[in-house]
Amino acid sequence: MLLLLPLNGDDTQESELVGILEASFWATVEVDEGRVIEINFYKDRAQIDGWIDAVIVTNNYEPVMEFIDNQMMVLVAHTQRTIDDIVEAYLFRELHDLAL
């Protein structure tokens, strides 16, 4: 599973999830069999190649139609902000589906 996260920085430990329009970096987090395989940071989302399974956003009011049009699952992390917290919430199915 490849997750896409809009972040405020490119530090694995310190960066936090932010709104799509405020993102200064984008991270792809590859998760397989309950563990993180790889994390990559991108300054521009256009640099990301390949299939993204899900994008993680901060709330239900983010501009996500582009992701939905591209067949990506949109999940909402209402309280989780760090990469570790988001991955843990994803693994334990604590992230919410987007409410349309």
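Presented here is an overview of the structure given in this document. (Residues numbered from 1 in each chain as written. Predicted model: local features only at pLDDT ≥ 70, side-chain atom pairs only at ≥ 80, totals over all residues. Heavy atoms only, no water.)

So, unusual backbone geometry
Then, in step 1: One non-glycine residue, E33, lies in positive phi territory at about 50°.
Then, in step 2: Structurally, E33 can be placed in the loop between β2 (25-32) and β3 (35-42).
Then, in step 3: Residue classification places E33 among the exposed residues on the basis of a relative accessible area of 76%.
Then, in step 4: At R93, a position not held by glycine, the phi torsion is positive, near 55°.
Then, in step 5: By secondary structure assignment, the location of R93 is in the loop between α2 (83-91) and β6 (96-97). (Helix = DSSP H or I, 4+ residues; strand = E, 2+ residues; numbered from the N terminus. Buried < 20%, exposed > 50% of the residue type's maximum accessible area, 1.4 Å probe, protein only.)

Examining the pairing of β2
Then, in step 1: Counting buried positions along β2 yields 6 of 8 residues, so the element is predominantly enclosed.
Then, in step 2: As paired elements, strand β1 (residues 2-7) and β2 share 6 bridges and run antiparallel to each other. In the strand pairing of β2, L4 is matched with T28.
Then, in step 3: The turn joining β2 and β3, which pair antiparallel and follow one another in sequence, is formed by 2 residues; a positive phi near 50° is taken by E33. (Pairing = 2+ DSSP bridges.)

Focus on the sheet that holds strand β5 (residues 73-76)
Then, in step 1: What the 6 strands build is an open sheet, ordered β3-β2-β1-β4-β5-β6; its pairing is mixed. Each having just a single partner strand, β3 and β6 make up the two edges of the open sheet.
Then, in step 2: Relative to β3, β2 runs antiparallel, the two being bridged by 7 bridges. From the neighbouring strand, V31 faces β3, where its bridge partner is V36.

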